[in-house]
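# Descriptive structure summary
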Amino acid sequence: MRHFLHLTDYSNHELWELLHLAKELKIKFHNKEDFKPFKDRSLAMIFAKPSARTRVSFETGFEWMGGHALFLGPKDIGIGKREAIKDISRLFSRYNDMIMARLFDHAHILELAEYSGIPVINGLTDYNHPCQILADIMTVWERRGNLDNLKVTYMGDGNNIVHSWLQLACRLPMHFVCCNPSGFDPDDKTVQMVNDSKISTYESSNDPVSAVIGADVIYTDVWASMGQKEETEERTKIFADYQVNMELLEKSGKETFFMHCLPAERGREVTDEVMESKNSIVFDEAENRMHAQNAIMVYLHEN
Ligand code: CP
Ligand code: NVA
């Protein structure tokens, strides 16, 4: 049983297959082509955390492909609380054809997949967010025409978004810089995976200005993720020097794309001006979530 839990579960060749498929499905979607591989099929979407993009893109994408998507919010099943995760896995495997889940603890999505008889897609955990980063790299590829000599500078908290970038870097070559205040580094083991892969180079920085020089992409995310929102005020002070504003963007010395997984907290990790600038490709990224995820679902259905 194949799942989509980490980008490292896929080879370089498979990731490129997914990217080409996503590009093909994007054209079909825009041309309003009739494409119904999921006729009479259902997708159970489990959300233990809030969502706009993930919910709407999965639901719209799956229904466009002929299926029915069921939304199960934080209060609906109480996964791991009202009912054991492994019971939900086996239950949904009897009703549905695929599961997409957004959970807190990464161990919970691993357990969901372990007991599932149907493919499980990771729609974000505290550890990673693979659908997002597949859509992000698709967006960079689309805009640049290639992924050669790519330098990505991430500014901010070493969180789930960073972990998926690092896992991508284990498969696709890039120079990845994570620039964060000390104490907010990404997970050591995941950084080690990049170094061991010998595919990409990883650089850790605490200096925003030198970190962005020559960057093709400057990426940021909220300073307090879901589950940490009570730390927002404290983190706003700690991360103040890491804000992506026009002055910092211009320090790259080249035409740099600004990216953010969204939702953005304008005025904190990014200014309104950067979000609205010609460098910003945040809505392309958001759109590509749907096309990348459609590709993941078709791929899992066929393989
Ligand atoms: N980027 C992202 O996953 O957005 P949502 O939290 O709105 O789904
Ligand atoms: N790091 C953010 C990503 C949201 C898509 C969070 O986990 O809240």
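Structure: above.
An account of the accompanying structure is given in this report.

Procedures and definitions
Residues numbered from 1 in each chain as written. Chains lettered and ligands numbered in written order. Predicted model: local features only at pLDDT ≥ 70, side-chain atom pairs only at ≥ 80, totals over all residues. Heavy atoms only, no water. Pairing = 2+ DSSP bridges. Helix = DSSP H or I, 4+ residues; strand = E, 2+ residues; numbered from the N terminus. Right-handed = clockwise from strand over helix to strand, strands pointing away. Core = buried A, V, L, I, M, F, W, Y, C linked by side-chain atoms within 4.5 Å. Buried < 20%, exposed > 50% of the residue type's maximum accessible area, 1.4 Å probe, protein only. Contact = heavy atoms within 4.5 Å. Axes fitted to C-alpha atoms, helices over the stretch in contact; angles between N-to-C directions. Left-handed = near helix turned anticlockwise from the far one by under 90°. Nonpolar A, V, L, I, M, F, W, Y, C, P; charged D, E, K, R; others polar. Near = heavy atom within 4 Å. Polar contact = N/O pair within 3.5 Å; in protein donor to acceptor, adjacent residues only side chain to side chain. Areas by Shrake-Rupley, 256 points an atom, 1.4 Å probe, with all protein chains shown as cover. Phe/Tyr/Trp six-rings, centres within 6.5 Å; stacked < 30°, edge-to-face > 60°. Lys NZ or Arg CZ within 6 Å of the ring centre and 35° of its normal.

Now for the pairing of strand β2 (residues 68–72). Here five bridges tie strand β1 (residues 42–47) to β2, and the two strands are oriented parallel to one another. What sits directly across from isoleucine 46, in β2, is leucine 72. Read from β1 through helix α2 (residues 53–64) to β2, the crossover connection turns out right-handed.

This paragraph deals with the nonpolar core. Residues Phe4, Ile121, Trp165 and Phe176 are the most contacted members of the largest nonpolar core, which totals 61 residues. When residues of this core are assigned to their parent elements, the largest contribution, eight residues, is made by helix α5 (residues 130–144). Among all residues touching tryptophan 165, those that are not within four sequence positions of it are Ile133, Asp136, Ile137, Val152, Met174, Phe176 and Tyr219. Residues Val177, Ala215, Phe258 and Val274 belong to the second largest nonpolar core, which totals 19 residues.

With that settled, the discussion passes to the environment of isoleucine 133. Of note, isoleucine 133 is situated in helix α5. Distance from isoleucine 133 to histidine 260, taken between C-alpha atoms, is 10 Å for residues 127 residues apart in sequence.

Their axes nearest at 8 Å, the elements helix α1 (residues 12–30) and helix α12 (residues 282–302) cross at an angle of 115°. Two packed elements cross with a definite hand, and for α1 against α12 that hand is right-handed. Of the residues in α12, those in contact with Glu14, Glu17, Leu18, Leu21, Ala22, Leu25, Lys26, Phe29 and His30 of α1 are Glu287, Asn288, Met290, His291, Ala292, Asn294, Ala295, Ile296, Val298 and Tyr299. Grouping the amino acids of the contact of α1 with α12 by side-chain chemistry returns eleven nonpolar, four polar and four charged.

Moving on: the site of ligand 2. Every residue lining ligand 2 is accounted for by Leu124, His129, Asn159, Asn160, Asp221, Ser225, Met226 and Leu262. Side-chain polar atom of asparagine 160 to a nitrogen atom of ligand 2: 2.8 Å apart, as the coordinates give it. In the model, an oxygen atom of ligand 2 is placed 2.8 Å from a nitrogen or oxygen of the methionine 226 main chain. When ligand 2 is considered free in solution it has 270 Å² of accessible area, and contact with the protein chains removes 96% of it. Grouping the amino acids of the shell around ligand 2 by side-chain chemistry returns three nonpolar, four polar and one charged.

One pass over the full model with this rule turns up 13 aromatic pairs. Ring pairs connect the aromatic residues Tyr154, Trp165, Phe176, Tyr202 and Tyr219, which therefore count as one cluster. Looking at arginine 2, its charged tip hangs above the ring of tyrosine 10, at a distance of 4.2 Å from the centre. Looking at arginine 55, its charged tip hangs above the ring of phenylalanine 71, at a distance of 3.8 Å from the centre.

Judged by how many residues are buried, helix α6 (residues 160–169) sits mostly within the fold: ten of ten residues are covered. Listed in full, the buried residues belonging to α6 are Asn160, Ile161, Val162, His163, Ser164, Trp165, Leu166, Gln167, Leu168 and Ala169. Of the residues flanking the start of α6, the one acting as N-cap is asparagine 159, its side-chain oxygen 3.0 Å from the backbone nitrogen of isoleucine 161.

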